Amino acid sequence: MALKTATGRQVLAGLLTGLVAGLLLTALVVDAGHRRLNGVAAQQRAVIATAAAAEALAAGGEDAQDLVERLVERIPDLEELRVVDVGSRSLSASTHATDREAGVPPRRLTRDEKSLYDQARELQAARRTNEQEAEARKNEVLAEVLPDGRLQLVVPVMEGDRVTGAVQAWCGGAPADRIGGPGFAPWLVAAVCIVVFLVVMRLVPSPRARVLVSLVILAAGLWFHADLAVDGLADHRVRLEEGLRDHAFALQEICAASLPGVGADPSAWDLDRYRQPRGRFDAAGELDLEVVRAGAAPTLRRFGQSAAVLSVIALVLQWWVAGGWATASWRALVKNRSAYGFVLPAMVGMVLLVFYPFTYGLAISFTGKTLYNVNEPLVDLFVGFENYVQILKDIDVFTTAEDGSRIINFQSFYWTLGFTILWTVSNVSIGVSLGLLLALILNTKGLALRPLYRIILILPWAVPNYITALIWKGMFHKQFGVINQIVQIFGGEPIAWFDAWGTSFAAVLMTNAWLSFPFMMVISLGALQSIPGDLYEAARVDGAGKFQQFRFITLPSLKPALVPAVILSVVWTFNMFNIIYLVSQGEPAGATEILITEAYKIAFEQYRYGYAAAYSVVIFMILLAYGIWQNRTTKATEGI
Amino acid sequence: MSRRTDSVGHLWLHLFLLVMVVITVYPILWVLSVAFSGGQSLAFADLPPDPGVLDRLRAIVPWPEQLTWSNFSDVFSQQPFGRWLLNSTIVAGATTLCGVFLASTAGYAFSRFKFPGRRAGMMGFLVSQMFPGTLTLVPLYIIIVVWLELGSNFLGLILLYSTTAIPFCVWMLKGYFDTIPIELEESAKMDGASALTIFYRIILPLSKPAIAVTALFSFMTAWNEFVLALTIMDQEIMYTAPVGLRFFVGGYAEQQWGYFAAGSIVAALPVMILFLILQRYLISGLTAGAVKG
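Residues numbered from 1 in each chain as written. Chains lettered and ligands numbered in written order. Predicted model: local features only at pLDDT ≥ 70, side-chain atom pairs only at ≥ 80, totals over all residues. Heavy atoms only, no water.

Some thoughts on the domain arrangement of chain A
Accessible area lost upon the coming together of the parts serves often as the stated size of an interface.
Part 1 of the reasoning: What the domain assignment reports for chain A is domain 1 (41-171) and domain 2 (422-593).
Part 2 of the reasoning: On a C-alpha basis, the centroid separation for the pair domain 1 of chain A and domain 2 of chain A is 68 Å. (Domains from an automatic or database assignment.)

Notes on the domain arrangement of chain B
Residues and elements named next belong to chain B.
Part 1 of the reasoning: Structurally, chain B comprises domain 1 (2-68) and domain 2 (80-292).
Part 2 of the reasoning: With nine residues of domain 1 at the contact, the number on the domain 2 side is eight residues.
Part 3 of the reasoning: The junction of domain 1 with domain 2 conceals about 710 Å² of combined surface from both sides, 76% of it contributed by carbon and sulfur atoms.
Part 4 of the reasoning: The largest per-residue losses of area from domain 1 upon contact with domain 2 belong to V31, A35 and Q40, which jointly make up 60% of the total buried on that side. (Contact = heavy atoms within 4.5 Å. Buried area = accessible area lost by both parts, 1.4 Å probe.)

A look at a nonpolar patch on the surface
Residues and elements named next belong to chain A.
Part 1 of the reasoning: Taken together, the side chains of V20, L24, L25, L28, V309 and I313 define a hydrophobic patch exposed on the protein surface, amounting to about 530 Å² of accessible area.
Part 2 of the reasoning: Here L28 is to be found in helix α1 (residues 8-59).
Part 3 of the reasoning: On the basis of relative accessible area, L28 is assigned to the exposed category, the value being 54%. (Patch = residues over 30% accessible without salt bridge, like charges linked within 9 Å, V, L, I, M, F, W, Y side chains within 5 Å. Areas by Shrake-Rupley, 256 points an atom, 1.4 Å probe, with all protein chains shown as cover. Salt bridge = Lys/Arg side-chain N within 4 Å of Asp/Glu carboxyl O. Helix = DSSP H or I, 4+ residues; strand = E, 2+ residues; numbered from the N terminus. Buried < 20%, exposed > 50% of the residue type's maximum accessible area, 1.4 Å probe, protein only.)

Comments concerning the packing of aromatic side chains
Part 1 of the reasoning: Across all of its chains, the model carries 56 aromatic pairs over all chains by this definition.
Part 2 of the reasoning: When the ring of A:F413 is compared with that of A:Y414, the centres are 5.3 Å apart and the planes differ by 80 degrees; the resulting orientation is edge-to-face.
Part 3 of the reasoning: The exposure class of A:Y414 is partly exposed, given its relative accessible area of 31%.
Part 4 of the reasoning: Summarising the aromatic geometry, the rings of B:F81 and B:W84 are spaced 6.4 Å apart at their centres and angled 85 degrees between planes, so their arrangement reads as edge-to-face. With B:F81 and B:W84 both in helix α4 (residues 81-112) and three residues apart, the pair spans about one turn of that helix. Just as B:F81 is buried, B:W84 falls in that class too.
Part 5 of the reasoning: The ring of A:F552 is capped by A:R551, whose NZ or CZ atom sits 5.0 Å from the centre of that ring.
Part 6 of the reasoning: It is A:R608 that lies over the ring of A:Y611; its NZ or CZ is 4.1 Å from the centre. (Phe/Tyr/Trp six-rings, centres within 6.5 Å; stacked < 30°, edge-to-face > 60°. Lys NZ or Arg CZ within 6 Å of the ring centre and 35° of its normal.)

Quick word on the pairing of strand β6 (residues 162-171) of chain A
All names here are of chain A.
Part 1 of the reasoning: The buried count for β6 comes to nine of 10 residues, which makes it a mostly enclosed element.
Part 2 of the reasoning: By the bridge criterion, nine bridges tie strand β5 (residues 151-159) to β6 in an arrangement that is antiparallel. For V155, the partnering residue across the bridge sits in β6 and is V167.
Part 3 of the reasoning: If you look at the hairpin formed by β5 and β6, you'll find two residues sitting between the two strands, and G160 has a positive phi there, around 65 degrees. (Pairing = 2+ DSSP bridges.)

Description of the sheet that holds β5(A)
All names here are of chain A.
Part 1 of the reasoning: Spatial strand order, β3-β2-β1-β6-β5-β4: six strands in an open sheet with antiparallel pairing. Each of the sheet's edge strands pairs with one partner strand only, and the pair in question is β3 (107-108) and β4 (142-145).
Part 2 of the reasoning: Of the pairings in the sheet, the one linking β4 to β5 comprises four bridges and is antiparallel in character. Bridge pairing links A143 to L153 in β5.

Thoughts on the nonpolar core
Part 1 of the reasoning: Grouped together as the largest cluster of nonpolar side chains are 182 residues, with contacts concentrated most on A:W423, A:L457, A:Y615, B:W30 and B:F248.
Part 2 of the reasoning: Tallying contributions element by element places helix α16 (residues 501-529) of chain A first for this core, with 15 residues. (Core = buried A, V, L, I, M, F, W, Y, C linked by side-chain atoms within 4.5 Å.)

Here we look at the packing of helix α14 (residues 465-475) of chain A against α16(A)
Residue and element names in this part refer to chain A.
Part 1 of the reasoning: The N-to-C vectors of α14 and α16 enclose an angle of 140 degrees; their axes lie 10 Å apart at closest approach. Considering the angle they form, α14 stands oblique to α16. The interaxial crossing formed by α14 with α16 has right-handed handedness. Taken together, the residues of α16 that come into contact with α14 (itself represented by N465, T468, A469 and W472) are M510, T511, W514 and L515.
Part 2 of the reasoning: Taken together, the residues of the contact of α14 with α16 sort by class into five nonpolar, three polar and no charged. (Axes fitted to C-alpha atoms, helices over the stretch in contact; angles between N-to-C directions. Parallel < 35°, antiparallel > 145°, perpendicular 65-115°, else oblique. Left-handed = near helix turned anticlockwise from the far one by under 90°. Nonpolar A, V, L, I, M, F, W, Y, C, P; charged D, E, K, R; others polar.)

Some words on the pattern of salt bridges
Residues and elements named next belong to chain A.
Part 1 of the reasoning: Going through the model one piece at a time under the given rule, you end up with 14 salt bridges over all chains.
Part 2 of the reasoning: Across the salt bridge formed by E241 and R280, the nearest N and O atoms sit 3.6 Å from each other. One end of the pair, E241, is in helix α6 (residues 207-258); the other, R280, is in the loop between α6 and α7 (289-322), with 39 residues separating them in the sequence.
Part 3 of the reasoning: Owing to a relative accessible area of 11%, R280 belongs among the buried residues under this scheme.
Part 4 of the reasoning: It is possible to trace a salt-bridge network through shared partners that takes in E241, D270, R278 and R280.

Looking at the interface of chain B and chain A
Part 1 of the reasoning: With 91 residues of chain B in contact, the opposing surface of chain A contributes 88 residues.
Part 2 of the reasoning: Across the chain B to chain A interface the summed buried area is about 7900 Å²; carbon plus sulfur atoms make up 82%.
Part 3 of the reasoning: Taken together, chain B and chain A are joined by zero salt bridges.
Part 4 of the reasoning: Among the elements that line the side of chain B that touches chain A, the one with the most residues is helix α1 (residues 2-37) of chain B, at 16 residues.

Structural notes on empty space enclosed by the protein
All names here are of chain A.
Part 1 of the reasoning: Here the structure, examined in full by the defined rule, presents three cavities of 30 Å³ or more.
Part 2 of the reasoning: Roughly 60 Å³ of volume is contained in the largest cavity.
Part 3 of the reasoning: In this structure, the largest cavity is lined by L67, R70, L71, R74, I75, I254, C255, S258 and L259.
Part 4 of the reasoning: For the lining of the largest cavity, the elements supplying multiple residues, two or more each, are α2 (64-74) and α6.
Part 5 of the reasoning: A per-element tally of the lining of the largest cavity places α2 first, with four residues. (1 Å grid on protein atoms, 1.4 Å probe; cavity = no way out; pocket = protein on both sides within 12 Å on 5 of 7 lines; lining within 4 Å. Points joined across faces, edges and corners; volume = space filled by probe spheres on them.)

Here's the deal with a positive patch on the surface
Residues and elements named next belong to chain A.
Part 1 of the reasoning: Residues R89, R108, R121 and R128 make up a contiguous surface patch of positive charge.
Part 2 of the reasoning: By the secondary structure assignment, R89 is in the loop between β1 (78-85) and β2 (90-94).
Part 3 of the reasoning: Take R89: its relative accessible area is 43%, and that puts it in the partly exposed class. (Lys, Arg positive; Asp, Glu negative; His and termini not counted. Charge placed at Lys NZ, Arg CZ, Asp CG, Glu CD.)

Quick word on helix α11 (residues 413-442) of chain A
Part 1 of the reasoning: Helix length check: α11(A) (30 residues) gives 42 Å between terminal C-alpha atoms against 44 Å at 1.5 Å per residue, within 8%.
Part 2 of the reasoning: The N-cap residue of α11(A) is A:S412: its side-chain oxygen and the backbone nitrogen of A:Y414 are 3.1 Å apart. (Expected span 1.5 Å × (residues − 1). Polar contact = N/O pair within 3.5 Å; in protein donor to acceptor, adjacent residues only side chain to side chain.)

A word on a negative patch on the surface
Residues and elements named next belong to chain A.
Part 1 of the reasoning: On the surface, D265, D282, E286, D288 and E290 cluster together into a negatively charged patch.
Part 2 of the reasoning: With respect to the helices, strands and loops of the structure, E290 is situated in helix α7.
Part 3 of the reasoning: Here E290 falls in the exposed class, since its relative accessible area comes to 58%.

If you want it as structure tokens, here you go:
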């Protein structure tokens, strides 16, 4: 055990590594948290300024152009203002220089300015929707960060309850609030940890105990540091809210000086994106700390989670260094540097684009991720095993309709699983029997034209399978397809192949059989040709008949080649996406869907990513179980 | 005497083989005649209102009523099929370069060096072949399209194809490198050559056939791939040939079977020829592991 022999220096190095990693990573997250809070506050600052401008405009009473110019001059946040009136589709006022080139406002909007009008209409529609549904669902304040870092806000101009227009404002980044940096907390924590550790080293002689104690010290230190950081973030948040309140009251003074009556209650400008008052402070300027804290809670919780994960990483690092594994790994790395150099490019590619997505897919399968929340962190969408339960609990494949007839629930996982197995088994049996039969025929001695037959019969394998699928789809066409013409030659009625489960299955089966028999044929033929002729000679001398020769010589010799080929073709057919997706498309009503196409449809037609991921994990488990079982049985037979 | 019975027996075999040949060749002839018919219809002949058996027979004989190249020229001039072929060529070409580079270096390391993690790495490559496509498809879609914003971009598809082809290519090349005698390298090492020089100057030139097969395999995989391209490339101008061909006949719009057939022939002919030339190598690559036991 490496821990027993850990030297004092190694343990100290471990602690230092853990401290640096843990504190540095946490400090980065704290910094990001501060930046995020500052960004949110800057946006809120701009919202307050723009809302103030909108209220001044709604109060009207004087020339809009004069008003916006005065507002931009007096309110430092506002750099440019444009006002659009929806009813007359006109630009009522603008401080933007290029706008004036196209005519002095008020004037009709030009074609280039249509986006402005669209935004105003969007706000109007959002207002109406939220009113009708009596629920704030659509944004009534549009905010966007421009490429140059400025904010662009659009706030409706109201007349009573009606949105009559909108004011668009470009606001400069608010004066940067001091982030404050990590401060002295990390240094303090690091110093205390090291001192405590050095003292403990004197008292504890056993290397293993030293490692354990150092782990405890680091864990305690990181926890303390995270706690300080959380408090720091919460305080910062309160300071920012105070800043916003002061900002609003400063605006009130500016407005009151020139526009009596506007801004009687500056807390009314502190709006969220649904244009509801945020309620962080009241008309008297009193901050409601309860609301501020409640608003900060999710951010702080997420920060706490990140800090916990980072601490675990730091502890693992410490363990790794203290136990001497780091040194060992480093030596191995240096010793085999050329080997690792050669493997690195492929490994990086595999990790980033195969193993990471696989792990991420596993993680998604435990969440309710959909198209609509794709950018939200996974932790917030966690649903546990709900997706799996939902997939597996749908046991009622057959239900009874009201009139007593039986209805098959084609959407049930078990129906799809059953169909996939039926599909795989029938395809592989057809492939093996047809392929083997043709191989035996082609292996007949003295048969004329053998090479020609072989090259023709191998053709379906060469055709890209998506083309095969589309060709057969055309041939199965109800009205013009050649297959229905053949049916009619024999006096039948044209068949709507994809309207019934049985015929639909027959169609996809035929298609897949056509493209899959050459593989088995080629493999069997290769194996047959490698059987030495003396074996048959000897068998004939011993009086074995044709069948006995086949049973006791041919079949056993084929086995080493056929078994892996069968395994391969089981996996291929099980996942044969193209044929099902392109030929039957699961028709009728999903009855001929196999697991893999069903998973695809859940992901890319219903956009339920989490559910589709869980579905795929189930498919993977089935294949894995098959692989393990197959491996065991073939190994068992090899031993005989 | 035995010669006579053999011939009689062979007659039945030939009959059976002939039936199989007809079944095998029919869909291919079907595409050819739709392509050369000059129309967009599935049918080879217009049936009279009350068709007899002869009319029906005419309708299944894969020979168009007129022979014309017009579908081939129209699919390039009136449809963006040329652009789609170009997209496929770019993607498959870059995938080949990228895939061969990644697979040959890794294959060489696995073949020649003993290092910690070698076994785990090779097993990892093998196991990754068992991941079902859709399990990685959703995360890959989120990574490539939502995060990296590489939807409808060559780079996204090239990255994906290169890595999906790696495991097979690595195993195949490792097997080939194993057969190159190590003495060659040892003498070079005596002369002071670095591992990189040995790989570049000795191993690669000796492995030309295997590299060629790997390259063609990567190319064919990328050229024929459908699902990933369908998912990633959502702008019509960025379709690859498979997605484009399906666009002719899969959508809700009018189905253009003539364009599909002509385009299929153009897209499939090169890979079919490649396949028929390479089939023996590919088959031995597929079964090599199994035969060794």
